[in-house]
Amino acid sequence: MLGAALAALGGQTMAQTAERPLRPEPAPVQASDRPVVPPTAQPERIILNLTADPAHEMAVTWRTAPGAVGFVEYAEAQDGPDFIQQAVRVSAVTDDATITVREAPEFRAAYHSTVLKGLKPETVYAYRVGDGALWSEWLQFRTAATTAEPFTFLYMGDMQNNILSEASRTMRMAFRKAGDAAFVIHAGDLINRHDSDNEWGEWFAAGGFLYAQTPQMPTPGNHEYGRGPVLNPQWRRQYTLPETGPAGVEKLKETAWTVDYQGLRLISVDAPLFHGDEAMRAEMVRWLDGLLANNPNRWTALFLHFPLFSIDPDRDNARVRDALKPLIDRYGVDLVLQAHDHGYARGAIGAGPMGNSGPDHPSDQGSTYVVSVAGPKMYPVADLGWATRSASRTQTFQTLEVSPDAVTYRAFTATGRELDAFRLTKGADGLARIDTLPAAD
């Protein structure tokens, strides 16, 4: 009797536990609770970003202790070491900054950046950064082609929490699957506390030298903003992103931007300002209307932090959806890549005004919407009529293989297991068709 009662109680307890998320909010010691680590004379946090001309330019950014100057030496890479003899040295722009971070009221660092120009398309370059005496190792990157050649890029949702200890494995597995990726997009909430230099340090450590060899292309999430909303001052200091957003709008500089890359038009929308600032929303809508109406590229991917159709039943981004969806529908945007909801969902949604729940069934036509999360923080995932595939409590990364004929998308878990896959093709009418592929378990 007692054994039966205990078994029944145990079964009831397990059932109750399974009905709710096991760990909705990761709660280890936060990086921002530790003393700040000052930068040294040795270059650190080296990162590449694409510019508006990825076939002929590359942006390089890093930081050191305050008071240092910055240089980049670069040359066309060769199979042996003789490229060093042809290296050219250029000066960087240095911002010797004092800023308030969560860990210290007056944090000092020198942020260095430059755009290497006049590069050859489809060419591997070696480069290093330093002050003329102390240098980084030699690193390499490849410039884009000037035509619509096939390429692969990676897409990551929120890393945000436990970045180095747990989110890093997702990023590193992504590079094991697609080490030749042309670039990586991050759909916001890279860190948790916008003003934590230690959390930014964990984000850079999670990618390490990979960030210095493969361009990283982030869009801001709500956790990159403080109250106001005001963008954290480290954003524009540690990235050199394309200044291709709405002309003359300082608030959107390097947060709303676009790059054309080998047949793909990639567009970053500043979701926090789109949601919370009516004037900035109007600026971005006008800008997007022009970008989408005059688009010579075969494919278009729009990415932002707040999903138009939330997969968390307690969220709804109505202002984002109501303003963006008419543009997505009118111009046939192929992919809408999102984050924020800490779960996974993917499905095509057709034209027309809709509520947060979207249509009640998946489609094989229309724009494809994706939500994903790379880090360990998890939220509930609703019963989604529009989703062809969804998953809860699953860290993922996505690879997108782009060619003139098709876009092949694959979502993988942090262990490298394939979770979802589909292919986009277009007919003469320009409408995308979606074919779900069998996942390679």
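Residues numbered from 1 in each chain as written. Predicted model: local features only at pLDDT ≥ 70, side-chain atom pairs only at ≥ 80, totals over all residues. Heavy atoms only, no water.

Under an unreviewed UniProt entry, the protein chain has the name Metallophosphoesterase family protein and belongs to Brevundimonas pondensis.

*Asks:* What is the right way to read the sheet that holds strand β3 (residues 71–76) from this model?
*Replies:* Strand pairing within a sheet occurs via backbone hydrogen bonds; the two strands may be parallel or antiparallel. Overall, antiparallel pairing links the four strands, which are arranged β4-β3-β7-β8 in an open sheet. If you trace the sheet from one side to the other, it starts and ends with β4 (88–91) and β8 (139–142), each paired once. The mean inter-strand angle of the sheet, taken between neighbouring strand axes irrespective of direction, is 30°. Pairing of β3 with strand β7 (residues 124–130), which is carried by six bridges, proceeds in the antiparallel orientation. (Pairing = 2+ DSSP bridges. Helix = DSSP H or I, 4+ residues; strand = E, 2+ residues; numbered from the N terminus. Axes fitted to C-alpha atoms, helices over the stretch in contact; angles between N-to-C directions.)

*Asks:* How should the UniProt feature "domain: Calcineurin-like phosphoesterase" (unreviewed entry) in the protein chain be read in this particular structure?
*Replies:* Here the UniProt-annotated "domain: Calcineurin-like phosphoesterase" (unreviewed entry) positions come out as residues 152–344. This span, residues 152–344, is 35% helix and 18% strand, and a straight line between its end C-alpha atoms measures 21 Å. (UniProt positions renumbered as here; feature names shortened; annotations may be inferred.)

*Asks:* Explain unusual backbone geometry to me, please; I cannot follow it from the model alone.
*Replies:* Between glycine 228 and the following residue, proline 229, the backbone shows a cis peptide bond with an omega angle of -5°. Among the structural elements, proline 229 can be located in the loop between β12 (225–226) and β13 (230–231). Phi angles above zero are rare outside glycine, and glutamine 160 is one such case at about 55°. Take glutamine 160: it is sitting in the loop between β9 (151–156) and α2 (163–177). Of note in this structure, histidine 340 is not a glycine but carries a positive phi near 80°. As for its placement among the helices and strands, histidine 340 is situated in the loop between β17 (335–338) and β18 (344–349).

*Asks:* Sorry if this is basic, but what is going on with the confidence of the model for the protein chain here?
*Replies:* Regions with low pLDDT carry predicted coordinates that are not meant to be interpreted in detail. On average, residues of the protein chain carry a pLDDT of 93, and 93% of them reach 70 or more. Considering only residues more than four positions removed or in separate chains, one finds that residues 1–21, a stretch of pLDDT under 50, has three contacts. (pLDDT = per-residue confidence, 0-100. Contact = heavy atoms within 4.5 Å.)

*Asks:* What should I look at first to understand the nonpolar core in this one?
*Replies:* Generally speaking, nonpolar side chains in soluble globular proteins are found buried as a group. In this structure, Tyr127, Phe183 and Trp203 are the most contacted members of the largest nonpolar core, which totals 115 residues. What tryptophan 203 contacts, discounting residues up to four positions off in sequence, is Ile47, Met159, Ile163, His186, Leu190, Ile191, Tyr211, Gln216 and Tyr239. (Core = buried A, V, L, I, M, F, W, Y, C linked by side-chain atoms within 4.5 Å. Buried < 20%, exposed > 50% of the residue type's maximum accessible area, 1.4 Å probe, protein only.)

*Asks:* Quick question: what am I supposed to make of the side chain of aspartate 341 here?
*Replies:* You can see aspartate 341 is positioned in the loop between β17 and β18. For aspartate 341, the residues in contact, after removing those within four places along its chain, are Pro307, Ser310, Ile311, Asp312, Arg315, Val371 and Tyr379.

*Asks:* Would you mind going over the layout of surface pockets with me for this structure?
*Replies:* The calculated volume of the largest pocket comes to roughly 440 Å³. Going through the elements one at a time, β8 and β9 are the ones with two or more residues in the lining of the largest pocket. Residues that form the lining of the largest pocket fall into these classes: 13 nonpolar, seven polar and four charged. Taken together, 21 residues line the second largest pocket, and the ones lying closest to its centre are Glu44, Arg45, Gly201, Phe204 and Ala205. Listed by contribution, the elements that provide at least two residues to the lining of the second largest pocket are β1 (44–49) and α3 (197–207). Here the residues of the lining of the second largest pocket sort into 11 nonpolar, three polar and seven charged. (1 Å grid on protein atoms, 1.4 Å probe; cavity = no way out; pocket = protein on both sides within 12 Å on 5 of 7 lines; lining within 4 Å. Points joined across faces, edges and corners; volume = space filled by probe spheres on them. Nonpolar A, V, L, I, M, F, W, Y, C, P; charged D, E, K, R; others polar.)

*Asks:* When you look at the pairing of strand β22 (residues 406–413) in this model, what are you seeing that I'm missing?
*Replies:* Looking along a regular strand, one sees side chains alternate from face to face of the sheet. Of all eight residues that make up β22, seven are buried, and the element is covered over most of its length. Both strand β21 (residues 396–402) and β22 contribute to a ladder of seven bridges, which runs antiparallel. Note on β22: the bridge partner recorded for valine 402 is valine 407. The hairpin formed by β21 and β22 contains three residues between the paired strands. Bridge count between β22 and strand β23 (residues 418–426): seven bridges; the pairing is antiparallel. When the bridges of β23 are listed, tyrosine 409 appears paired with phenylalanine 422.

*Asks:* Looking at this structure, I do not really get the sheet that holds strand β5 (residues 93–101). What am I missing?
*Replies:* In spatial order, the strands read β1-β2-β6-β5; together these four strands make up an open sheet with antiparallel pairing. Both outer strands of the open sheet, β1 and β5, are each paired with one neighbouring strand and no more. For this sheet, the mean inter-axis angle between neighbouring strands, taken without regard to orientation, is 25°. In the sheet, β1 pairs with strand β2 (residues 58–64) via four bridges, with the strands oriented antiparallel.

*Asks:* Whenever I open this one, the UniProt feature "domain: Purple acid phosphatase N-terminal" (unreviewed entry) in the protein chain confuses me. Can you help?
*Replies:* The sites that UniProt annotates as "domain: Purple acid phosphatase N-terminal" (unreviewed entry) are residues 43–143. What you have in residues 43–143 is 0% helix and 55% strand, and the ends, taken at the C-alpha atoms, are 23 Å apart.

*Asks:* Please clarify how empty space enclosed by the protein should be interpreted in this entry.
*Replies:* Taken as a whole, this structure holds one cavity of 30 Å³ or more when the rule is applied. Forming the walls of the largest cavity are Arg45, Thr61, Trp62, Arg63, Tyr111, Phe204 and Gln238. Per-element tally for the lining of the largest cavity: the top contributor is β2, with three residues. Along the lines of polarity and charge, the residues of the lining of the largest cavity split into three nonpolar, two polar and two charged.

*Asks:* What is the right way to look at the packing of aromatic side chains in this model?
*Replies:* Centre distance and the angle of the planes are the two values used to describe a pair of aromatic rings. All told, the structure shown has 20 aromatic pairs when counted by the stated rule. Taking 5.0 Å as the distance between ring centres and 15° as the angle between the ring planes, the aromatic pair formed by phenylalanine 153 and phenylalanine 183 counts as stacked. Of this pair, phenylalanine 153 sits in strand β9 while phenylalanine 183 sits in the loop between α2 and β10 (184–186), and the two are 30 residues apart along the sequence. Consider the rings of tyrosine 409 and phenylalanine 422, whose centres lie 4.5 Å apart with planes at 25°: the pair is stacked. Of this pair, tyrosine 409 sits in strand β22 while phenylalanine 422 is found in strand β23, placing the two residues 13 residues apart along the sequence. (Phe/Tyr/Trp six-rings, centres within 6.5 Å; stacked < 30°, edge-to-face > 60°.)

*Asks:* How should helix α7 (residues 318–331) be read in this particular structure?
*Replies:* An α-helix turns once per 3.6 residues; consequently, residues spaced three or four apart project the same way. Helix length check: α7, at 14 residues, gives a terminal C-alpha distance of 20 Å against a target of 20 Å (1.5 Å per residue), a fit within 8%. Taken together, the buried residues of α7 touch α5 (271–276), α6 (278–293), β17, β18 and β19 (367–371). Once α7 ends, the next one or two residues include glycine 332, with phi positive near 60°. (Expected span 1.5 Å × (residues − 1).)

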